[in-house]
Amino acid sequence: MTTCWRENLLWDFLFCITVNISKLPPQSVNSLDDTDTKDYFLVTIGYTRANTLRAAVCNRLKADGYHLANFISPGSNCWSDTIKGENILVFDNAFVGIGCELHDGVIISEGVTLSHDVIVEPYCFFSDAVAVGGHACIGRNSFLGLNSTIKSNTRLGPFNIVGCAANVLRDTESDCVAVGNPARYRKADTREVRI
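Below is a short write-up of the structure. Everything numeric in this text was worked out from a predicted model, so none of it was measured.

Looking only at helices and strands, one finds one helix and 22 strands in the protein chain. Residues classed as buried in the protein chain amount to 49% of the 195 residues present. Surface accessibility of the protein chain: about 9500 Å² in total, with carbon and sulfur atoms responsible for 53%.

Now for the side chain of Ser-148. Along the chain, Ser-148 falls in the loop between strand 16 (143-144) and strand 17 (149-150). Accessibility expressed as a relative area gives 0% for Ser-148, which makes it buried. Engagement of the side chain of Ser-148 in a polar contact is seen with the backbone oxygen of Gly-145, the distance being 2.7 Å. Not counting the four nearest positions on each side in its chain, Ser-148 is found in contact with Ala-129, Val-130, Ala-131, Val-162, Gly-163, Ala-165 and Ala-166.

This part takes up the nonpolar core. Among the nonpolar cores identified, the biggest contains 28 residues, and Leu-114, Phe-126 and Val-132 are the most heavily contacted of them. Apart from the residues lying within four places of it in its own chain, the contact partners of Leu-114 are Phe-95, Val-96, Gly-97, Cys-100, Leu-102, Ile-108, Val-120, Phe-126 and Val-132. Counting residues in hydrophobic clusters, the runner-up holds eight residues, among them Phe-125, Phe-143, Ile-161 and Val-177.

On to the environment of Ile-119. You can see Ile-119 is positioned in strand 12 (residues 119-120). Considering only alpha carbons, one finds Ile-119 and Thr-82, 37 residues apart in sequence, at a separation of 9.2 Å. In contact with Ile-119, not counting residues within four places along its chain, are Glu-101, His-103, Ala-136, Cys-137 and Ile-138.

On to the sheet that holds strand 20 (residues 167-168), then. Taken together, the six strands give an open sheet; going across it, the order is 6-8-11-14-17-20, and neighbouring strands pair in parallel fashion. Looking along the sheet, the strands with just one partner apiece sit at the ends: strand 6 (77-78) and strand 20. The pairing of strand 11 (residues 113-114) with strand 14 (residues 131-132) spans two bridges and is classified as parallel. Bridge pairing links Thr-113 to Ala-131 in strand 14.

Bridging between strand 21 (residues 176-179) and strand 22 (residues 184-187) involves four bridges; their strand directions are antiparallel. Bridged to Ala-178 within strand 22 is Tyr-185.

The rules we used
- Residues numbered from 1 in each chain as written.
- Predicted model: local features only at pLDDT ≥ 70, side-chain atom pairs only at ≥ 80, totals over all residues.
- Heavy atoms only, no water.
- Helix = DSSP H or I, 4+ residues; strand = E, 2+ residues; numbered from the N terminus.
- Buried < 20%, exposed > 50% of the residue type's maximum accessible area, 1.4 Å probe, protein only.
- Areas by Shrake-Rupley, 256 points an atom, 1.4 Å probe, with all protein chains shown as cover.
- Polar contact = N/O pair within 3.5 Å; in protein donor to acceptor, adjacent residues only side chain to side chain.
- Contact = heavy atoms within 4.5 Å.
- Core = buried A, V, L, I, M, F, W, Y, C linked by side-chain atoms within 4.5 Å.
- Pairing = 2+ DSSP bridges.

And the structure:
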């Protein structure tokens, strides 16, 4: 593993890793065409701003002709038809239910449970042990904190931050921060929030 790219910005730090695809277990990497281009797998650590930076890096790499691989841990339970994009990472002990959709750049950490028919829009980050009820929709570039829960049939707006152990019981607008149980919501420029 080698560090492949860093955005040199004072207000954020982007951490991404290049993994040699040939070293990953074959059953865990989606099939890619045989081309002369290199395949990259990118991982970033961070909140909504890091998700936005990761999206920019991925778009730049795709424009340059690179492929972005998906890594689905063999220790997870993920239906094969849930993968709808590239650069998706699903860690051990995650459960992604039937009818779910994971789009570009989604990161599902260890112990996350997505019930049936959950739609996760591009570049969302799920911390450990997040639980999402059936028919929920997670808006693009959102961050869900450790042990948070999202009620069934709930629409989380784009660029949302859900705090640790927050219990989201109703729809949110874009650029909201949700904290507490039950969650209290406030509008914020989440692209500038420092946590």
